[in-house]
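Report on the structure
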Amino acid sequence: MRGYTVWVRNGKPLPRVWLISDARNDDILEDALASLPRGSGFLYRHYHLGDPARRDRFAALRRVARRSGHLSILADSALTAREWGADGIYGSPRSLYPRRAGLLHLATAHDLTEIGLANRLRADAVLLSPVFPTRSHPGDAVLGPVRFRMLAARSQAPVIALGGMDENRAEALDWPRWAAIDGLS
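Nothing here was measured: the structure is a model prediction, and the numbers come from that model.

Criteria and cut-off values
- Residues numbered from 1 in each chain as written.
- Predicted model: local features only at pLDDT ≥ 70, side-chain atom pairs only at ≥ 80, totals over all residues.
- Heavy atoms only, no water.
- Core = buried A, V, L, I, M, F, W, Y, C linked by side-chain atoms within 4.5 Å.
- Buried < 20%, exposed > 50% of the residue type's maximum accessible area, 1.4 Å probe, protein only.
- Helix = DSSP H or I, 4+ residues; strand = E, 2+ residues; numbered from the N terminus.
- Contact = heavy atoms within 4.5 Å.
- Pairing = 2+ DSSP bridges.
- Axes fitted to C-alpha atoms, helices over the stretch in contact; angles between N-to-C directions.

Let us look at the nonpolar core. Core analysis: the biggest nonpolar cluster contains 43 residues, and Leu-19, Leu-33, Leu-128, Phe-148, Ala-161, Met-165 and Trp-178 have the highest contact counts within it. Broken down by element, this core gets its largest block of residues, four residues, from helix H2 (residues 53-67). Leaving out residues up to four positions away in the same chain, Phe-148 has contacts with Leu-128, Val-131, Leu-143, Val-159, Ala-161, Leu-173 and Trp-175. Membership of the second largest hydrophobic core comes to 16 residues, among which are Trp-18, Leu-127, Leu-162 and Ala-179.

Before going further, it helps to examine the sheet that holds strand S9 (residues 159-162). With respect to topology, eight strands assemble into a closed barrel ordered S3-S4-S5-S6-S7-S8-S9-S10, the strand pairing being parallel. The mean angle between the axes of side-by-side strands here comes to 25 degrees, regardless of whether they run parallel or antiparallel. Direction of pairing for strand S6 (residues 88-91) relative to strand S7 (residues 104-109): parallel, over a ladder of four bridges. From the neighbouring strand, Tyr-90 faces S7, where its bridge partner is Leu-106. Of the strands in this sheet, S7 and strand S8 (125-128) touch helix H4 (residues 112-120), which is tilted by about 165 degrees from S7.

Interpretation note: all reported values are geometric properties and have no functional meaning in isolation.
Written as structure tokens, this is what we have:
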């Protein structure tokens, strides 16, 4: 299991629990952020908003996240992440290249090819999905626990389980890092 501690910045470890934003959970994000364990991660997507509404919403949620010591990661470019004051970026491995100093780089992966690319591009963490069925992609194939573990073992970076995750599934999976939209909202 990839349970080792990864230090990301200012002596803070890579969070074990990650809340992901979505149009579905927008109305309750402030409460959800406040209820997360201190030092969790917040991954801001909000693709449904255009600028400047997306930037304003990020700024408001980043303030809430920082009060609880959470990292705030932006699904956007490194340039935008720096402008908006994010702690890092999230996206496909190719979108994270070239690496930018001072930002955490979280890569998405769904198969061995994407894990390999995340390894080559030195992602700081990999969100591997979907582990279980999810409302985000109803009816899509899932990795399941066995395939998830086989793929996660190939990652050189810590793996964050995503897809149908909640606290009970994370415990049953016996995986140290996990992320959710609905499972934490």
